[in-house]
Amino acid sequence: MRGCADVKPVFTMVAINFAFAIVNILIKKIMELGADHLVIVAYRQLASAILVSPIAYFLERNNTAAKLTPRILCYLFFSALLGVTLTQYLFLLALEHTTATFSCAFINLAPVTTFLMALPFGFEKVKVHRKSGLAKILGTIVCLGGAVAITLYQGIALNSPHEMRGMSGGSKKKDPKWALGSVLLMVGTFTWSSWFLIQAVIGKAYPAKRYTSTAIMSLFSTVQSAILCMIVSRNPSKWVLKGALEISTIIYAGAIGSGLCYVGMSWCVDLKGPVFTSAFSPLVQIFVAIISLSLNIEQIHLGSILGSVFIVAGLYVLLWGKAREAKECGLKLEKHSAALVCEDHLPVTHDIPISNCSAKT
């Protein structure tokens, strides 16, 4: 039973990142057709709220273990702002200047940034005198080196993509602006990592309410995105969805990508912690690259591949350090428990003669 419990979070995160990969590819296509970034975010979160709210009502309405307080609402507001509204907007803006594979490669930094941001809040600790602590530091440095390589070195193109049949609509691709896209992705990675930390706090303060918290977060994000869109652009025509592809993409991205996937990630954060959950981010890039190469729908460059190798390698050095640290903590707990058991079996010597005590003094 324990083995099954350990495997469930792994399979859940693999499925979630496969769903994210499909979302990234589909959204890239509708953006090429002229869809607005913030409109995509607003409609996507609205679809998520519409799907998750009824589920939350029927599954969690009788759960009175946790009450929705103003403090929790504040956490959910900032969770929506940082982890959904700004993250998705920055990611989509960067996606316009880069490719889906490049963007996903940069998002691979999320586990490292989550780890670095978790240190001052006490979610993570580094013991430099042990191998686990050194592995965490080394993994972080290698990951950051891979990010720098992706940003500064584009390299040769490894394929010659063609437009997906029936989906190009005669649109002309823009020349990628890699530097601007990299900066946007870096900022987006930090806002995305902050979501994992906020979610860890929400999971403790508002337990067993994952559907409810996801529904509220989606509603907050819908309003935030709509307000931001009206500030940035007041063109009403941008809110009109054009064609079956845009509508189906929004529904899928909202219901699956922002609805069920966020519920699953919240569950994994509660069970395994923020760093474990964010550690599966590189799978998105792997899935996107496999789909893109299979369908030959976007150009993949050598720099993205090389940088990704460094990021993934550094990531799993970091995870090895975390696994070793957990093992060391487990051994310490076992030794401590064994010592307590031994103490429980020692003969009771409360009735010590007063003469013996006075003789020692």
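That block above? That's the structure.
Residues numbered from 1 in each chain as written. Predicted model: local features only at pLDDT ≥ 70, side-chain atom pairs only at ≥ 80, totals over all residues. Heavy atoms only, no water.

Draft legend 1. Examining the side chain of Ser225 more closely. Looking at the element boundaries, Ser225 is found in helix 8 (residues 210-232). Contacts of Ser225, omitting those with residues within four sequence positions, involve Leu38, Val41, Ala42 and Thr85. (Helix = DSSP H or I, 4+ residues; strand = E, 2+ residues; numbered from the N terminus. Contact = heavy atoms within 4.5 Å.)

Draft legend 2. The environment of Ile107, seen in detail. Its location among the elements puts Ile107 in helix 4 (residues 100-107). With relative accessibility at 16%, the residue Ile107 sits in the buried group. For the pair Ile107 and Ile311, spaced 204 residues apart in the sequence, the C-alpha separation amounts to 9.9 Å. The contact partners of Ile107, leaving out residues within four places of it in the chain, are Phe91, Leu185, Thr189, Trp192 and Ser281. (Buried < 20%, exposed > 50% of the residue type's maximum accessible area, 1.4 Å probe, protein only.)

Draft legend 3. Here's a closer look at the environment of Ala179. With respect to the secondary-structure elements, Ala179 resides in helix 7 (residues 178-205). Of the residues examined, Ala179 reaches a relative accessible area of 55% and is grouped as exposed. On a C-alpha basis, the gap between Ala179 and Ala94 in space is 9.7 Å, while along the polypeptide they are 85 residues apart.

Draft legend 4. Just the packing of helix 3 (residues 70-97) against helix 8, in detail. Contact pair helix 3 / helix 8: the axes reach a minimum separation of 8 Å and the direction vectors enclose 60 degrees. Between helix 3 and helix 8, the crossing angle belongs to the class labelled oblique. With respect to the hand of their crossing, helix 3 and helix 8 are arranged in right-handed fashion. Residues Leu73, Leu76, Phe77, Ser79, Ala80, Leu81, Val84 and Thr85 of helix 3 touch helix 8, and the partners they reach there are Ser213, Ile216, Met217, Phe220, Ser221, Gln224 and Ser225. (Axes fitted to C-alpha atoms, helices over the stretch in contact; angles between N-to-C directions. Parallel < 35°, antiparallel > 145°, perpendicular 65-115°, else oblique. Left-handed = near helix turned anticlockwise from the far one by under 90°.)

Draft legend 5. Region of interest: the nonpolar core. Membership of the largest hydrophobic core comes to 49 residues, with the highest contact counts inside it found for Ile27, Ile40, Leu92, Trp192, Trp195, Tyr262 and Met265. Within the residue set of this core, elements represented by two or more residues are helix 1 (2-32), helix 2 (37-60), helix 3, helix 4, helix 7, helix 8, helix 9 (243-272) and helix 11 (282-295). The element best represented in this core is helix 1, accounting for 10 residues. Excluding its chain neighbours within four sequence positions, the residues that come into contact with Ile40 are Ile27, Ile30, Met31, Ala35, Leu92 and Ile250. (Core = buried A, V, L, I, M, F, W, Y, C linked by side-chain atoms within 4.5 Å.)

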